[in-house]
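Listed below, chain by chain, are the residues.
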Amino acid sequence: MNLHQFRFVQEAARRNLNLTEAAKALHTSQPGVSKAIIELEEELGVDIFARHGKRLKRITEPGQHVLKSIELIMREVGNLKRIGEQFSAQDSGTLSIATTHTQARYVLPKAVAKLRDAYPKVTISLHQATPHEVARMVLDEVAEVGMATESLADYPDLVTLPCYEWQHVLVVPSGHPLATKERIGLDDLAGEPLITYHPSFTGRGKVDAAFATRKIEPRIVLEAIDSDVIKTYVRLGLGIGIVAEMAMREDLGPDLVSRPMGHLFGQSVARVAFKRGAYLRNFVYKFAETLSDRLSRDLILRAMSGHVNDYEL
């Protein structure tokens, strides 16, 4: 048996048993993938996949156990590569980060700049995606670090640690009645056309939950993944915006006013994620420490080793 066979089995499972897609992802031929899987099954003496003709239909019970072992083996292969890079490359290499647009635009620039100052030989590879895609990239080792507000804590194979808390803010034109209202309630927002995030992004679930609890149906006229897009459409008069407070770090100008909405939508927590059991290089710890005062090498090490329950942090 060999690592190529393990990769082919793992990719076939990831691609919903579609060998054509697995072959494309691995830059090889579909017959080659099929042959390698069959050879591994023959060597092990078990069927990893149940078949209908030449098509894979499902993962067998022994196949589930084989896949778990392959996952462990491939994780350790990745760790071996990173250990080699750590001690041979003298703090150089590539740090791949998966994150959402809001984090990439408003939170990561300072942390990336600090990392580059400390490790000038390190190249940053930034992947912007949905929270679920961020989690998947870390699990699949496309990225070494993931950062988002939603979804990361839903995956038991990820170690997720809190970076910082934040709240939503309301963005309205400076002449809007809500710009000067002393205390804004959900009833004030109910009749307004709202511009906010797509349901899978940036704490949108908390906004929806607050309206649902009061049995109020919000008038959402536009959904976006980009805070700057939301502010642009507020400026155009399409409606009023609900955005993350991180997006307010830059001057809004005289035409827009922001109001904190934590009393309506609560606090959200941005989290950083690592694949459980992964070996992290020195500059990964440094990057995490630049993200938040809450994160330290010692805390991450204890969480990765299971001595700290990251779900309770």
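Residues numbered from 1 in each chain as written. Predicted model: local features only at pLDDT ≥ 70, side-chain atom pairs only at ≥ 80, totals over all residues. Heavy atoms only, no water.

Engineer: Sorry if this is basic, but what is going on with the pattern of salt bridges here?
Structural biologist: Pairing is possible between side chains that carry opposite charge, provided their charged atoms lie close to one another. A full pass over the atoms with the stated rule returns 18 salt bridges. A salt bridge links glutamate 11 to arginine 14; the nearest nitrogen and oxygen atoms lie 3.6 Å apart. Of the two residues, glutamate 11 and arginine 14 are both situated in helix α1 (residues 3–14); the distance of three residues between them amounts to about one turn of the helix. The partner of lysine 35 in a salt bridge is glutamate 39, with the nearest N and O atoms 2.5 Å apart. Of the two residues, lysine 35 and glutamate 39 both sit in helix α3 (residues 30–44), four residues apart, roughly one turn of that helix. On the basis of relative accessibility, which here comes to 52%, the residue lysine 35 falls in the exposed class. (Salt bridge = Lys/Arg side-chain N within 4 Å of Asp/Glu carboxyl O. Helix = DSSP H or I, 4+ residues; strand = E, 2+ residues; numbered from the N terminus. Buried < 20%, exposed > 50% of the residue type's maximum accessible area, 1.4 Å probe, protein only.)

Engineer: Can you walk me through the packing of aromatic side chains in this structure?
Structural biologist: The geometry of two aromatic rings is summed up by the distance between their centres and the angle between their planes. Summed over all chains, the structure comprises two aromatic pairs. Ring geometry for tyrosine 119 versus phenylalanine 283: centroids 6.0 Å apart, planes at 65°, classification edge-to-face. Of this pair, tyrosine 119 sits in the loop between α5 (101–118) and β4 (122–128) while phenylalanine 283 sits in helix α11 (residues 282–291); the two residues are 164 residues apart in sequence, bridging distant segments of the chain. Given the relative accessible area of 16%, tyrosine 119 is considered buried. (Phe/Tyr/Trp six-rings, centres within 6.5 Å; stacked < 30°, edge-to-face > 60°.)

Engineer: How should I be thinking about empty space enclosed by the protein in this particular structure?
Structural biologist: Rolled over the atoms, a probe sized like a water molecule indicates the empty space that remains. Applying the stated criterion across every chain, the model contains one cavity of 30 Å³ or more. Lining the largest cavity are Thr100, Thr102, Gln103, Ala148, Thr149, Glu150 and Thr202. (1 Å grid on protein atoms, 1.4 Å probe; cavity = no way out; pocket = protein on both sides within 12 Å on 5 of 7 lines; lining within 4 Å. Points joined across faces, edges and corners; volume = space filled by probe spheres on them.)

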